[in-house]
Amino acid sequence: MIRTFAWRWRQMLERGSGAGSAVLSSVGDGYRVSMPWGSLDLQVAERLATDAVYARDTGRLDTAESLLTSALGLWRGLPLPSVPGPFAAHQRARLEELRLTLTEERLELACRLGKQVLVVPELTLLAAEHQSRERLQELLGEALQAAGRTHDTPAAPRRTARLLPRQAGSGDPGKQGDRWTREERLPVPRQLPANITDFVGRDLSLSATLNALSRPVRKAPAIVAVTGTVGIGKTALALHVAHQLRSSFPDGQLYADLRNVGVQAEIPAILEGFLRTLGMRPAAIPAAASDRAGAFRSLTDAQRVLVVLDNVHEVSQIEPLLPGAATCGALITSRAAPYGVPVTGQVRLDVFSTAEAVSLLGKIIGPERLAAEEAQAVALVEACRLLPLAVRLAGLRLAARPRWTIGALADRLSGGPDGLAELRVGPMSLFDALAQVCKRLTPTQADVFRLLARHGTRIDLGTAAVLLGVSEPEAEHMLESLVDATVLETPCPGVYRYPHLFGPFARHCMPPGAARTLG
C-alpha cells in the first residue's frame with residue numbers, strides 16, 4: 001500500500017518538472033524527497049523580493065516594483081490551508097506578514113513612481129482591513145493628497161514617523177548633532193539572500209569568522225574580511241555565517257552586492273536604501289553622500305546590526321557603508337585584502353580539499369549517482385582544480401544531464417584547452433567569472449598576464465624579466481601589480497604562479513591581441 005501511495009506521490013510531485021527528474025526516490029527501505037532550488041514558490045518569491053530590495057537601493061524603482069509584483073503573484077490563497085497544528089499556524093502567520101510587507105513596499109514604490117491615483121483603491125481596501133498597520137494608513141493619506149483628494153484624507157491619520165527626530169538643534173536631518181531613533185513597530189530588516197543549502201566543509205574558516213563577529217566585548221565594530229580568488233566560495237561562506245548570526249544582531253542584517261558598483265553614484269544610492277530600510281523617511285534623507293554616511297552611523301548607534309558587503313573591489317566602497325558602533329559588525333568579501341580598513345579579523349580561503357569537493361558534488365548530483373562513480377568523481381573535481389565554483393558548475397551541468405556519466409564530463413574537462421567552456425550552466429560560467437576579473441586589468445597588466453602564461457603556471461623573476469625584455473625591478477613591479485589584482489600568487493619572494501584555473505584561461509581563453517615583449 002505504501003509503495004502504491006509513493007508511486008502516486010511521485011506522479012504528482014514530478015508532473016511538469018522535466019524528463020529524468022527524481023523528486024521522490026527510493027533510499028534503502030525508505031524514501032527521500034529531493035527539492036532543487038526553485039521548486040517552491042516561496043523560494044522564488046523570497047529571491048524576487050531580495051532582488052527587488054537591491055534594485056530599489058540602486059535607484060531602479062521600476063524594476064523593483066516589477067519584481068515585487070511578480071513575487072506577490074506567487075501567492076494563491078491561504079498557505080497550508082488544511083495542515084493542522086501550531087507549526088502550520090506560525091508559518092501561515094509568517095507568510096501573511098511577508099505578503100503584507102511586500103505589498104506595502106510595492107505600493108510605496110508605485111507612489112514614488114507617480115502612480116498614486118492608480119493605487120488609491122487598493123490602499124483604501126488594505127488600510128480598512130489592516131487598521132493597525134500604520135505604514136498602510138500613511139501611504140493612503142499621502143496617495144489621497146497627491147491625487148488631489150484632500151477632503152477624503154482621514155481627519156486624524158495615523159502618522160507613522162518611520163524615523164523620529166529628537167531635536168538637538170534645528171531638527172534638520174542633514175545636520176550633525178541630531179539624534180535619530182527607530183519606531184518600535186518597524187519590521188527588523190533582514191536583507192540577506194537565501195542561505196546556501198549545500199554548504200560543505202570550511203570548518204576552520206567558518207569557526208574563525210563566527211568567533212570574530214560574535215566576540216561579546218569589544219571597543220570597535222567587528223569587521224571581518226573574507227578574501228580569496230574568484231570562485232573560491234567567499235559569498236557562500238559569508239552568507240552561511242551571517243544567517244547563523246541572526247540572533248547576535250537582532251536589530252537587523254543589511255546586504256549590498258558591490259560587484260558592479262562604482263563609488264560616485266551607486267554608494268549614495270545604497271546608503272539611501274539602508275536608511276530607508278532602517279526607518280528614515282525619504283524626505284529626511286540628506287542629499288550629500290557624507291551626510292548620508294553620518295546619518296547611517298547615527299541610526300545604527302547603540303544598535304546591533306550586521307552589514308554584509310559582498311564582492312568589494314575598491315576600498316573606497318567600504319568606508320561609507322560601515323557602522324561605527326562597537327555593538328555592530330561588518331562582513332566583507334573581497335578578492336584582495338582591504339588595506340586601509342580597520343579589520344578585526346581576516347579569513348583567507350583556499351581551494352577545497354578533495355573530500356570537500358566530492359561532498360559538494362554529491363550534494364548537487366545526489367548520493368546514489370556519486371556512489372556509482374566514486375573514482376571518476378575524484379578525477380572530475382581534480383580536473384576542476386578543487387575550485388568551488390568550478391566544482392559547482394560541473395555538478396550543475398551533470399544534474400541537468402542525468403544520462404551523462406561523471407567520467408564522461410571528467411574526460412571532457414581534461415581533454416584540452418576547451419575544457420573551461422564545459423563549465424557553463426545557463427547564465428553561470430567559469431569563463432565569464434574569470435573574464436570579469438581580468439577586465440579590471442590595465443592593458444599592460446593584461447599583456448604581461450597573457451604572455452607569461454605561455455611559459456607555464458610558475459615562473460621566477462629572472463625568467464620573467466627576460467621574457468618581458470625589462471629589468472628585474474621593472475618586471476617585479478609588473479608582477480606584484482598582478483598579485484595585487486589577485487590574478488597571480490607569490491608563494492615566496494621572486495617566484496610567481498597562476499592560481500587554479502587562471503593559467504589555462506590566460507593561455508587559451510583571453511582575447512588575442514596585445515601580448516608582446518614590453519622592452
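Our structure is the block above this text.
Residues numbered from 1 in each chain as written. Predicted model: local features only at pLDDT ≥ 70, side-chain atom pairs only at ≥ 80, totals over all residues. Heavy atoms only, no water.

S.K.: Just to check I follow, could you spell out the pattern of salt bridges for this structure?
M.R.: When charged atoms on two side chains of opposite charge get close, those side chains can pair. All chains considered together, the criterion is met by 20 salt bridges. Residues R32 and E368 are paired through a salt bridge, measuring 3.1 Å at the closest nitrogen-oxygen approach. In this pair, R32 is assigned in strand β2 (residues 30–33) and E368 in helix α12 (residues 367–372), connecting sequence segments 336 residues apart. On the accessibility criterion, R32 (32% relative accessible area) is partly exposed. Of the charged contacts, one joins E65 and K115 as a salt bridge, the two residues approaching to 2.7 Å between their closest N and O atoms. Taken together, the residues span a long stretch of sequence, with E65 in helix α3 (residues 61–72) and K115 in the loop between α4 (86–112) and α5 (116–129) at a distance of 50 residues. Overall, the relative accessible area of 11% leaves E65 in the buried class. Within the structure, one salt-bridge network assembled from shared partners comprises R56, E97, E104, E105, E108, R133, R135 and R276. (Salt bridge = Lys/Arg side-chain N within 4 Å of Asp/Glu carboxyl O. Helix = DSSP H or I, 4+ residues; strand = E, 2+ residues; numbered from the N terminus. Buried < 20%, exposed > 50% of the residue type's maximum accessible area, 1.4 Å probe, protein only.)

S.K.: Sorry if this is basic, but what is going on with the sheet that holds strand β13 (residues 489–492) here?
M.R.: Across a sheet, strands are paired by hydrogen bonds formed along the backbone, either parallel or antiparallel in direction. Across the sheet, three strands lie side by side as β12-β14-β13; this open sheet has antiparallel pairing. Both edges of this open sheet fall to β12 (458–460) and β13, since each of them pairs with a single strand only. Pairs of neighbouring strands in the sheet enclose a mean axial angle of 30°, with direction left out of account. When β12 meets strand β14 (residues 495–497), the two strands line up antiparallel, connected through three bridges. If you follow I459 over to β14, its bridge partner there is Y496. In this fold helix α18 (residues 461–468) packs onto β12 and β14, with an angle of close to 85° to the strand it touches most, β12. (Pairing = 2+ DSSP bridges. Axes fitted to C-alpha atoms, helices over the stretch in contact; angles between N-to-C directions. Contact = heavy atoms within 4.5 Å.)

S.K.: What am I meant to see in a nonpolar patch on the surface here?
M.R.: Judged by side-chain polarity, M1, F5, W9 and L13 come together as a nonpolar surface patch covering roughly 470 Å² of accessible area. Along the polypeptide, L13 turns up in helix α1 (residues 2–13). (Patch = residues over 30% accessible without salt bridge, like charges linked within 9 Å, V, L, I, M, F, W, Y side chains within 5 Å. Areas by Shrake-Rupley, 256 points an atom, 1.4 Å probe, with all protein chains shown as cover.)

S.K.: How do you make sense of helix α9 (residues 266–277) when you look at a structure like this?
M.R.: Spacing of three or four residues puts side chains on the same side of an α-helix, whose turn is 3.6 residues. With twelve residues, α9 extends 16 Å between its outermost C-alpha atoms, agreeing within 8% with the 16 Å of an ideal straight helix rising 1.5 Å per residue. Counting buried positions over the twelve residues of α9 gives ten, a clear majority of the element. Here α9 has its buried residues at I267, P268, A269, I270, L271, G273, F274, L275, R276 and T277. Buried residues along α9 sit in contact with α2 (41–57), α4, β6 (252–257), α10 (289–299) and β7 (305–312). (Expected span 1.5 Å × (residues − 1).)

S.K.: Would you take a moment to explain the packing of aromatic side chains for this structure?
M.R.: Note on aromatic pairs: each is described by the distance of the centres and the angle between the planes. By the definition in use, this model includes three aromatic pairs. Relative to W9, the ring of F5 lies with its centre 6.1 Å away and its plane at 25°, an arrangement referred to as stacked. With F5 and W9 both in helix α1 and four residues apart, this pair spans about one turn of that helix. Judged by relative accessible area, W9 falls into the partly exposed class, the value being 44%. Between F274 and F296, the aromatic rings sit 5.5 Å apart at their centres with planes inclined by 35°, giving tilted as the arrangement. In this pair, F274 is assigned in helix α9 and F296 in helix α10, connecting sequence segments 22 residues apart. Across the pair, F296 and F274 agree in class, each one buried. (Phe/Tyr/Trp six-rings, centres within 6.5 Å; stacked < 30°, edge-to-face > 60°.)

S.K.: Can you help me understand the packing of α18 against helix α19 (residues 472–484) in this one?
M.R.: Helix packing for two helices is described by the angle between their axes and how far apart those axes are. Here α18 crosses α19 at 100°, and the two axes come no closer than 9 Å. With respect to α19, the element α18 is oriented roughly perpendicular. Judged by residue contacts, L461, G462, A464, A465 and L468 of α18 engage E472, A475, E476, M478 and L479 from α19. (Parallel < 35°, antiparallel > 145°, perpendicular 65-115°, else oblique.)

S.K.: Sorry, what's going on with the nonpolar core here?
M.R.: The tendency in soluble globular proteins is for nonpolar side chains to be buried as a group. Counting residues in hydrophobic clusters, the biggest one holds 84 residues, and the most contacted among them are L361, L380, L430, F449, L479 and F502. Within the second largest apolar cluster, 30 residues are counted, among which are F274, V307, L321 and I332. (Core = buried A, V, L, I, M, F, W, Y, C linked by side-chain atoms within 4.5 Å.)

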